[in-house]
Amino acid sequence: MNLKILLPYRVFTDRTGITRIVAETGEGSFGLLPNRLDCVAALVPGILIFGTEEEGEIYAAVDEGILIKTGGEVLVSVRNAVEGADLATLRETVKNEFLNLDEQELSLRRVVAKMESGFIRRFAEFHHE
């Protein structure tokens, strides 16, 4: 199978020769083998496991998104993804990445709130004139 993991701003990974994929949905984990019927699944934040003959098992922490399998092509579209060689390393990487994202998100929310309040204030002043 061919696996392509897409982020909103770039292609995270594009691999060929995938022998199996394990993904997590709201209903639990499920596996994909090359001859499985085509399917679509809504993914929850978790670990996406895929394997190749050459590299063995590869782990990727993914945010919520969608998985689409058509023939030998598997597309995974998620908001964020981080790859790791083993689960312990991946856990630390995810912890650091998502803490950084949380801080950036809080900062962005503060800026947006200031912009919104300024817009509302100016709109109210314009309306009274």
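Remember, predicted model here, so these are calculated numbers, not experimental data. (Residues numbered from 1 in each chain as written. Predicted model: local features only at pLDDT ≥ 70, side-chain atom pairs only at ≥ 80, totals over all residues. Heavy atoms only, no water.)

Asks: Any details on the pairing of strand β3 (residues 18–25)? Residues and values, ideally.
Replies: Pairing of β3 with strand β6 (residues 46–52) involves 4 bridges; the strand directions are antiparallel. Bridge pairing in β6 links I21 to F50. Pairing between β3 and strand β4 (residues 28–32): 5 bridges, direction antiparallel. Residue pairing in the sheet places T25 in a bridge with G28 of β4. (Pairing = 2+ DSSP bridges. Helix = DSSP H or I, 4+ residues; strand = E, 2+ residues; numbered from the N terminus.)

Asks: Mind laying out the pairing of strand β9 (residues 73–78), listing which residues take part and the relevant values?
Replies: Burial along β9 is one-sided: the residues V74, V76 and V78 are buried and none of E73, L75 and S77 is. Alignment of strand β1 (residues 2–6) against β9, held across 5 bridges, turns out to be parallel. The residue of β9 that forms the bridge with L6 is S77. With 6 bridges connecting them, strand β8 (residues 65–70) and β9 associate as antiparallel partners. Considered in β9, the bridge of L67 is made with V76. Hairpin connection between β8 and β9: a loop of 2 residues separates the two successive antiparallel strands, and G71 in this loop has a positive phi of roughly 60 degrees. (Buried < 20%, exposed > 50% of the residue type's maximum accessible area, 1.4 Å probe, protein only.)

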